[in-house]
Structures are given as structure tokens and as C-alpha cells.
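# A closer look at the structure
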Protein chains: 2
Amino acid sequence: MGSPCSGCSSASDCSGSCPTVPEMTEAQKASNVKKVIAIMSGKGGVGKSSVTGMLAVSLQRKGYKVGILDADITGPSIPKVFGLKNMADANETGIIPVETSTGIKVISLNLMIAKEDDPVVWRGPIISQLVKQFWTDVIWGELDYLLIDLPPGTGDVPISVFQSIPVDGVVIVTTPQQLANMVVRKAIKMAQMYDVNFYGMVENFAFVECPDCGKRIELFGKARGKEEAEFNEIPFLGELPIEPVLTELSDAGRIEDYQSDRFAAIADKVVQKSREAIES
Amino acid sequence: MGSPCSGCSSASDCSGSCPTVPEMTEAQKASNVKKVIAIMSGKGGVGKSSVTGMLAVSLQRKGYKVGILDADITGPSIPKVFGLKNMADANETGIIPVETSTGIKVISLNLMIAKEDDPVVWRGPIISQLVKQFWTDVIWGELDYLLIDLPPGTGDVPISVFQSIPVDGVVIVTTPQQLANMVVRKAIKMAQMYDVNFYGMVENFAFVECPDCGKRIELFGKARGKEEAEFNEIPFLGELPIEPVLTELSDAGRIEDYQSDRFAAIADKVVQKSREAIES
């Protein structure tokens, strides 16, 4: 957010005096977001919000300053998994994100409505406008990473995010189900249209371990994330099991208490990819 | 579709000569759809398309004529689970749905594009218009039940469906996860705004059985569909397990080969609800 030209495809060729660049808002002047990562799947219910939440927690544990922009306006999950109860406040500079117990800054539609299960019955243009404001009008302050939790589909919100927010990298979430892969490929092709940088693919729901006998049960078909990542020519970040304890902690608003070595390894790879992006 | 006034809230008070009623299209004149059922969840990935597919198969097995309108334009799943490869054709009357091996009529965006994983990067108003055309311009012919597979969220598509298609009843799909319940409640509240008739709620992914030791594993938390249905004051239709064989058959395009007594019982209840709707 340092420059109003970040995200403009002509930034490298112009003198910085382009008259069409909107002035920075007061909230943007008060913010310095180093890396924006969009978490995307195209398909709903593949655990995109869990991956976003766990990635934020893992990055935070490594000492980075992290924020989450919940762009799933009609089905926001982030406040619930972090147990956020307070509403977002605002001052004359902009909207103030709500902080989780470990200090992750969050903005979400569900932090702005009275009841978490009240629906938002809005058409696309209104929803897109709100997502843009989550970028321009929120006082993010100093952040190393801002994670954007995208809604399912390839419609208004992802279009607006890729058009108006300087996304540095995309993390794709899929499952072993071929049906999910088909829809996820749509999302990948869409992102390619906007020439984004893929940090890689996570395969969620890869298996479950029977708590009694320890058997690895491949519920949604044979795990094949690595092959799927190769097919799409993007790096494979790792596979994740279905873990009842994660559901439990998420439902209790305590995702920050979840520990996962597998996930820490994925977060390491994301950090590495974001550094490569700087160096390249 | 017999009358152009079906779905109009003033239908009972007017003489049928309302000048604002659009003329019926040729496709509508060639169709007679007795009951329209929308399958909705708000939350993605709860198995809405599987429930839609299995409900269609079950109703078909009971001798009804069934069609599926896949309203999930950016993430369409229906053609894949039925193994449909042919593109939808059209004649001067309208668009001709593709038939599955057992004769279920299907229309979906994925029956109109060259590659199943090509994305549809469209904004809401265009997507809504297409969904309306799936109703007005498709030659559905004689159908006892037309099932509409709604996308996640409470945005453009569900708004347009409830505003422009005479939906007789809504089947809600949820999972044991509280996070899903929260988002599903948004969808229920949205549907209530349009004064729809709820046929009931299905709880999907309620449990999985270990194939080795038979243990019932409640992966996404304790099954509580009945309580959740009661909370929302809608009938409970039943719970469904996660079954690897269903994933396998769906991925292979053979959902019509799937047999489930649990699901047949749910379909019976849906038929009963649709009859009550006629009688009341």
C-alpha cells in the first residue's frame, strides 16, 4: 500500500504522475502492507477459511504481523473461528480492524452486523464495493502479511480483488475429490487471466485417521494433490488431514490453540515463496 | 409453468389480465413443470449438489419425471456427477436439456462451454440473467419435479431465483459443523424474506463409518441436525453419512448407480411435503 500505483499494470512505464490514480485514502496513508496473499479455491467448503486462519496463526507464531481480510461477504467464517465478538469500530481516518487474542487484525462483514447469522442479501456490485473498501478504508497499519479469504466461485469478488488490490501471491486450496479439482481448475485459470503469482496448492481433507485403530481412511478418494499441482503447473505446498479437533476448536472460536506441524511446514513454504517473489 | 402468474404474490387477487406479466416464451409454452424445489445451503461444500443429484435419482426411481436446473454458474457440479459429456442443443423453440442415462433432464453452464474446467469470469447481473433464461428459455417439457441446485451465498443467484422462478419448496442442506450452521441460518433467513415454503433440512456429513472396525466417527462434530432444524422451525428430513463410494461414483459420473435407503426415505418425505403443499 506504500504506493498508489501498486497493482497498476503500467506502474513500471509511467512517471508516477498518472492523473487517473485515485488519491490515497487516509486509511491507506496510515497503513503499510508488505505482502497480500489471496486464498482461493473456486469450490466452497474445501476448508479455505480454515487454511486462511491456520496460515495467519502460523505466520503470527513466526513473528510476522498479520491481518485477514474476509472477502466472503455472504458466508463469512473468519470471525467465528477466532471467536471474535466485538464489532469493528471506526474513527475519522477509517475502519479499525478487530484484533484476535494473539493480535491478528481481522475485518469481516460479520464484524459489522448485529447478529452473526443475519443474511446479507446484496447483489454483486454492492458486495464488490464493500470488498474494495476493506482494502482502501481499513486502517491496517504495519503488516507483513495480509491474507484475503476469497469466497467460492469466479464472480464479482475475485474479479474485484484481482483488479483493485495488489495481490502478491495466491494459495490454492483443493481436496482429493475430482469434482472439486474441476471447479478449482476454473479458479486457477481465472487467476491466470490476471497474471497472478501462485505460491502453491494445499490439498485439504486428504485423509482421516480412525481414532480407534489408526487406519488412514481416504474419504474423498485417493489423495493426489501433488499430481494435481503438477497438472496445473503450480508448486505443491502439502496435504492436510480432516481433524475433528480442528472442527472443535474452530466451532469454539479457538483456532489459535490449534497446533499442527504439517501446517507449520506449509507456512514455511509460503514465507519462502513470498521471499522469492521479492528477489525475482 | 402452466400460468404466467405462478409465482406472482398478487395472483389470487387479480383477474389474470395484469399488463406487467411478460408473455410466455415458446419454451415455456412447450413445458409443464408441476413442482420446483430449490436445494440451498448458503455454505459451499456441504454436498448440496450430491443431495440434488441423489434426490433427482430417488424421485426418478419412484416414477416421477425429473429435471435439474444447475444454478451454480461459476462452480457447476451436476454434469460431472451424472457423467454428461454432450453439449446442450437448441432449436427455434428454445434450449434442449441434456438427458442422463436414466432420463433426468439437466441444464447447466457446463453443458454450454467447450471445456468443463474453463472458468466463467462474469459479474452478478450476467450470471443472474443466465439463470433466469434456464427457466424461461429451456424446453423442460412435462416434469413432475424441477430441482434447482443453488450456489453458495445469499447473493445474486438466490435473489433472482426467488424473485423470478415459482419455487414451491426449499430443501436446506447443512453439516454438523457449527460454522456451517451459522452460514446456513443466513440462507434460511434470506429464504424467509421471500416467504418460501421449507420442505425441510438434511444433515450431510453427519458421520463416517471406519471400514475396518465399523466405528461411527463424527468427523465434523456431534450430529445435531434435528436440533438445528427445530431451532430454525423447519422439518428435519434426515441425516446422511460421508460415504467414500458416493464420492467415487460421483467422480466417475455414475451417481445414478448409487443406492441408499437413507436417501430414499428422505425423498419420500420430500414427495409428502410437496403433496401437503398442494393440499394446503
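Note that this is a predicted model, so its numbers are computed, not measured.

Right, let's get into the UniProt feature "binding site: ATP" (unreviewed entry) in chain A. Residues and elements named next belong to chain A. Under the present numbering, the feature "binding site: ATP" (unreviewed entry) in UniProt falls on G42, K43, G44, G45, V46, G47, K48 and S49. As for its position among the elements, G44 is in the loop between β1 (32-40) and α2 (48-61). Looking at the secondary structure, you find V46 in the loop between β1 and α2. On the basis of relative accessibility, which here comes to 2%, the residue V46 falls in the buried class. Look past the residues within four positions of V46 in its chain and what remains in contact with it is S41, V173, T175, N204 and F205.

This paragraph deals with the packing of helix α4 (residues 124-136) of chain B against helix α5 (residues 156-164) of chain B. Residue and element names in this part refer to chain B. Interaxial distance between α4 and α5 falls to 9 Å at its minimum, and their mutual angle equals 40°. Between α4 and α5 the crossing geometry is right-handed. Touching G124, P125, I127, S128, V131, K132 and W135 of α4 are D156, V157, S160, V161 and S164, all from α5. Here the contact of α4 with α5 is built from residues that sort into six nonpolar, four polar and two charged.

Rotating chain A by 180° and translating it 0.0 Å along the rotation axis places it on chain B, where the RMSD comes to 0.0 Å. Such a combination of turn and shift is consistent with a two-fold rotation axis. An overlap of 100% is found between the interface residues of chain A and their copies at the interface of chain B, pointing to a shared contact surface.

Residue and element names in this part refer to chain A. Ordered by their spatial adjacency, eight strands build an open sheet running β5-β6-β2-β7-β1-β8-β9-β12, and the pairing between neighbours is mixed. Edge strands, defined here as strands with exactly one partner in the open sheet, are β5 (98-99) and β12 (236-239). In this sheet, β12 lies alongside strand β9 (residues 198-203) in parallel orientation, the contact comprising three bridges. Following the sheet pairing, V202 is matched in β12 by G238.

Turning to helix α2 (residues 48-61) of chain B, a few remarks are in order. In this model α2(B) runs 20 Å from its N-terminal to its C-terminal C-alpha over 14 residues, within 8% of the 20 Å that 1.5 Å per residue would give. Count one or two residues on from α2(B) and you reach B:G63, which has phi positive near 100°.

Empty space left among the atoms is revealed by rolling a probe the size of a water molecule over them. All names here are of chain A. Within this structure, the stated rule accounts for three cavities of 30 Å³ or more. Considering only enclosed or pocket space, the second largest cavity measures out at about 50 Å³ in volume. Lining of the second largest cavity is provided by M54, V57, S58, R61, I255, Y258, Q259, S260 and F263. For the lining of the second largest cavity, a count of residues per class yields five nonpolar, three polar and one charged.

For A:F205, which is not glycine, the phi torsion reads 55° and is therefore positive. A relative accessible area of 14% places A:F205 in the buried class. Unusually for a residue other than glycine, B:D195 sits at a positive phi of about 60°. With respect to the secondary-structure elements, B:D195 resides in the loop between α6 (178-193) and β9 (198-203).

Moving on, we come to the packing of aromatic side chains. Geometry of an aromatic ring pair is reported as the spacing of the ring centres plus the angle between the planes. A complete count under the given rule lists eight aromatic pairs over all chains for this structure. One aromatic cluster in this structure is built from A:F205, A:F220, B:F205 and B:F220. Positioned above the aromatic ring of A:F231, the side-chain terminus of A:R185 is 3.9 Å from the ring centre. Above the ring of A:F207, the side-chain terminus of A:R216 is found at 4.0 Å from the ring centroid.

This part covers the sheet that holds strand β6 (residues 105-107) of chain B. Residue and element names in this part refer to chain B. The sheet built from eight strands is open, its strands ordered β5-β6-β2-β7-β1-β8-β9-β12 with mixed pairing. Looking along the sheet, the strands with just one partner apiece sit at the ends: β5 (98-99) and β12 (236-239). Bridge analysis of strand β2 (residues 66-70) against strand β7 (residues 142-149) gives five bridges, and the strand direction is parallel. Bridge pairing in β7 places V66 opposite Y145. Packed onto the sheet, α2 meets β1 (32-40), β2, β7 and β8 (169-174) and runs at close to 165° relative to β7.

Rules used throughout
- Residues numbered from 1 in each chain as written.
- Chains lettered and ligands numbered in written order.
- Predicted model: local features only at pLDDT ≥ 70, side-chain atom pairs only at ≥ 80, totals over all residues.
- Heavy atoms only, no water.
- UniProt positions renumbered as here; feature names shortened; annotations may be inferred.
- Helix = DSSP H or I, 4+ residues; strand = E, 2+ residues; numbered from the N terminus.
- Buried < 20%, exposed > 50% of the residue type's maximum accessible area, 1.4 Å probe, protein only.
- Contact = heavy atoms within 4.5 Å.
- Axes fitted to C-alpha atoms, helices over the stretch in contact; angles between N-to-C directions.
- Left-handed = near helix turned anticlockwise from the far one by under 90°.
- Nonpolar A, V, L, I, M, F, W, Y, C, P; charged D, E, K, R; others polar.
- Least-squares fit on C-alpha atoms with pLDDT ≥ 70 in both.
- Pairing = 2+ DSSP bridges.
- Expected span 1.5 Å × (residues − 1).
- 1 Å grid on protein atoms, 1.4 Å probe; cavity = no way out; pocket = protein on both sides within 12 Å on 5 of 7 lines; lining within 4 Å.
- Points joined across faces, edges and corners; volume = space filled by probe spheres on them.
- Phe/Tyr/Trp six-rings, centres within 6.5 Å; stacked < 30°, edge-to-face > 60°.
- Lys NZ or Arg CZ within 6 Å of the ring centre and 35° of its normal.

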